[in-house]
Structures are given as structure tokens and as C-alpha cells.
Amino acid sequence: MVINHLEKLFVTNDAATIIRELDVEHPAAKLVVLASQMQEQEVGDGTNFVIVFAGALLLAAEELLRMGLTASEVTNGYESALKLCLNELPNLTCYQVTDFRDEDQVFKALRTAIMSKQYGNEDFLAKHITRACISILPENTTFNVDSIRVCKILGSGIHKSEVVQGLVFARQVEGDVSKKSNAKVAVYSCPFDAMQTETKGTVLIHSAQELMNFSRDEESLLEKQIKMIVDTGVNVVVSGGKFGEMALHFLNKYDIMAVRLNSKFDLRRLCKVVDATVLPKMVAPTPQELGQCDNVYVSEVGETSVVIFKQDSTESKICTIVVRGSTDNYMDDIERAIDDGVNTFKGLTKDGRCLPGAGAIETELAKRVTSYGETCPGLDQYAIKKFAESLETIPKTLAENAGLKSAEIMTKLYASHQEGLTTVGVDIEADDVAVKDAAKNDILDLFVTKFWALKFAVNAACTILKVDQVFMSKPSGGPKAKTNDQYDED
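Source: prediction; values computed, not measured. (Residues numbered from 1 in each chain as written. Predicted model: local features only at pLDDT ≥ 70, side-chain atom pairs only at ≥ 80, totals over all residues. Heavy atoms only, no water.)

1. Comments concerning the sheet that holds strand β3 (residues 95-96)
Note the cut-off: In this scheme, strands are said to pair when DSSP sees at least two bridges between them. Under the scheme used here, helices are H or I runs from DSSP no shorter than 4 residues and strands are E runs no shorter than 2 residues, and both carry numbers assigned from the N terminus.
Strand order in the open sheet formed by three strands is β3-β14-β17, with antiparallel pairing between adjacent strands. Each of the sheet's edge strands pairs with one partner strand only, and the pair in question is β3 and β17 (444-446). Sheet topology note: the strand β14 (residues 353-356)/β17 ladder contains three bridges and is antiparallel. Across the sheet, P356 pairs through a bridge with L444, a residue of β17.

2. Thoughts on a nonpolar patch on the surface
Heads up, the condition is: Two distance rules govern patches: like charges are joined within 9 Å, and nonpolar side chains (Val, Leu, Ile, Met, Phe, Trp, Tyr) within 5 Å, applied only to residues with over 30% relative accessible area and no salt bridge. Computed with the Shrake-Rupley method and a 1.4 Å probe, the accessible areas treat only the protein chains shown as cover for residues. The term salt bridge refers to a pairing of a side-chain nitrogen on Lys or Arg with a carboxyl oxygen on Asp or Glu at a separation within 4 Å. To sort residues, take the accessible area from a 1.4 Å probe on protein chains only and compare it with the maximum for the residue type: under 20% means buried, over 50% means exposed, and anything in between is partly exposed.
Together, M1, I3, L9 and V11 make up a nonpolar patch on the protein surface, roughly 410 Å² of accessible area in all. Counting through the fold element by element, L9 comes out in strand β2 (residues 9-10). With a relative accessible area of 34%, L9 lands in the partly exposed category.

3. Describing the environment of E400
Put simply, the rule is: Any pair of N or O atoms that falls within 3.5 Å is considered a polar contact. Within protein, one atom must be able to donate a hydrogen and the other to accept it, and sequence-neighbouring residues count only if both atoms are side-chain atoms.
Its place among the elements puts E400 in helix α13 (residues 393-401). Taking the C-alpha atoms as reference points, E400 and I428, separated by 28 residues in sequence, lie 9.5 Å from one another. Separated by 3.4 Å, the side chains of E400 and S406 make a polar contact.

4. Overview of the sheet that holds strand β13 (residues 319-325)
The condition that has to hold: Helix axes are fitted only over the stretch in contact, all axes being lines through C-alpha atoms; the angle between N-to-C directions runs from 0 to 180 degrees.
Strand order across the open sheet formed by three strands is β4-β13-β5, with mixed pairing between neighbours. Two strands bound the open sheet, and with one partner strand each, they are β4 (148-154) and β5 (162-164). The mean inter-strand angle of the sheet, taken between neighbouring strand axes irrespective of direction, is 25 degrees. Pairing of β5 with β13 involves three bridges; the strand directions are antiparallel.

It is worth stressing that arrangement in space is one thing and function is another; only the former is reported here.
If you want it as C-alpha cells, here you go:
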């Protein structure tokens, strides 16, 4: 549970969210936070691994420095152990996604990443995320994470969540028309109302007849503008500004659907879905500037009215996952799980290789690094062996979180790995201390996630160890005034 500087409450186990909302002051801790943020930008998952592993390396380095090793010897040992790990990782892959449009292959790779955030709902969420990602996967260009949108609607439960090909906005329409099929969409970034003149002018009116004529001219001019838009075939108007009352009257008269979107980013996404161009002025669009959408309609999800732009005949460029849940915090956590799943899919499109999860890969690397350390002649060998001990932190943490005895788990893991069972990891579902084959049970980690996480964690730890002196500029001004908690304003 985290309460940030704006007093917003976060209940989550997502390391990236916790780190982002914390106000970290210590310079060494900031370096570890920067490493986790780099991991979030590069892969979108594995931030927890970076923080835990970098912390374990620094804790081990403290013991080595107390023993009398120099910082350079420790960093040399860590860097040579990292080099060995990165060379060994490709040999330990146990699964590869060859066809990114095959739902079964992608589902297996995404399931574990979602399981870490939403244990128990991973199959349901992974199925929806897989379907959403594959439906908008482009042929030539790279996959864009922003193309999967999340619309959170309070009420019901997670199993009522669904995937919509297109965009869903939690808002009402402006006019009376609430449904259009085979819609021609015009998108405007300006308010949809009578245009204001650029310069101020004074109109002198002598009689009631002149006043009526003046307002009638304004009405007829606005109707003429809207009639020109209608003549191009437009039957849905989307605006980034407000709709004037008179403009709404004429839109209802010509049976045009009016939708207002306050966000300019939503306007851009809608243009991407319907293949339209945003117009800065209230003018009739050309055929090239018009968008096309199979169905635009108002629906009611729970007690919330939503406007849906849905593409049925053609593949949509953007897909929306409508998330249902009992509380806002719960839906936020589901959104973070979806974000991790989508980022994992993006990582898959770069490199389809997967490694065994459940702490199996860390145990195998620790075993190989220990063997390598015993062959090294210098003082670096102590740092290399400590690197192997730090890798054990991951399976130990998994065991402790599951309420198991970490010492017994490590014994069983090493016994299995000595027999050549390189894919055996921690079994968190067993009643007693047990291990199981991660590859056979589809517990998989992305190759790119582990590759970059190891790199960033070791680089952060080595950078901190190489620091000789810290210079900090203090905020100007004297000490803060004391506050009296018992002070009563009355």
C-alpha cells in the first residue's frame, strides 16, 4: 500500500508502480531506481527482479569489502560473472514462439507474466490479451503498445471483462441520435458552434425586425455550414470542443450523431481507428479526410453509458479491453497486469525465445557461476561466488512468499539441477516443500526480460561500488520552523 505526495492510494505488488510513486532521496538508491525504470522502458516487465537482484549484489559486496577486497576486484568479479550468465542464457531456452499469430503459442508465453500480478485470473486475462494483441498485430511495422487501450467500468466482476475491436469511451452522446451503422465520421479539433469573428464589432439595431433578421442570418449561416458537411455523406461528427445548442439542433434535424471527446490524444486514436483526418475548422471534409466505421453506438455497461466505435468488417488498428471490477484499486491492478501482458507480447515480437521460470533459470545460472568461480585463480573468485549467492535470492524470495522454507527448497533445487534437470523450479502450489518442472507446467520467462534485467541490475550495482565520494548540494535556507501539533486555530 503506497500513498503518494498527492495522497492517492495504491494497493499493488507492481514494483514499477511502487517505485514511480515513492520519493527516493538517497543517491545510491536513485541509481537502482533508474536501473528499474530503464528495464520498464526497454521491456516493460522484470522491474522487481532488477531491484531485488541489485540489492542482493550490494549486500554481498559489503561483506566482500569488509573481508578486505577492493571495490575494483568486486566489480571485476561481478562483470565476469555477468558475461558468463549472458553467454549461458541462449543455451537454457526451453520454448520458442515461432508464429506470433498463433493464439496457443502466444498464450503460453504471456500467462506467467500476468500470473505474477493477478494469480488465479491469469488464464482468463491471458486469453483476452492474446486475442487483442494478435488482432491488431501489423504486417510490416512493429507492434505499438499504445494500440491496446483499457476502459475501466465499475461494477460486476473481472470475468465480465471483454475485448472490443475499436474504441470505447465512458461518456454519453451530445445529441438525440445514439446509433449509426456504416458511419462516415468527420473529426474536428475545434468547438462545433457558430464561428466567432476575429475582431470585435458593434452592431447597431434600431428595431425588433432588425434583431430578428440578424439572428435569422446567423442561424441560416450555421445551417448552411452544417448542410455542406451533411452533403459529403457525414452521419457522425466528433469534436474536441463543445457543441453549441444551435449546432446540436441542426445536427438532430439532419439525423447526425454528435460525440464530444475532451482529450486530443483520444481524437488522434479515433482518427487512427476510423482512418480520418482531424480538421481544425468547421468546414466540409473531403473524401480523403472522412473516416469510416462499421458501427457507432451508445451502450450501457452496468450503470455506465459508453460510446463504442466498432470495426467488424476490417481489422481495427486499435483494440480496447473493457475491464469490470468491484473497486477502482482492483481495476487499476488489473490494468497493470494487462500492461505487463501487452509489453511481454511486444518483447515476444522482438525475440520469441523463452526461459524456464519459477526460479529455475536463476538456480541453474548460480550453479554454473559457482563452478566457474572455482576455476578462477585471483581474488575475483570471491566476488563471482557471491554473485551466484545473489542469484539464489530470487528462488528464495519465491519460496518465502509462498510460505515455504527457503533452505529446504534450495537443497531440493540444487539436487535436481545436479542431475541435469535444468528446468526445475519452485512449486508454490504444493502443500509441502516441493519442486516441479517449470517448462512442462508452462511457467516461462521471456529471454529479453532476463537478459536486460541481469544487465541493468549488475551495471547499477557496479556503478554504485565505483563511487569514491558523494557531493550533495543542500537546499538553501535555514532549518524548517517547528510545528505545534496541539495548535488549535479556533
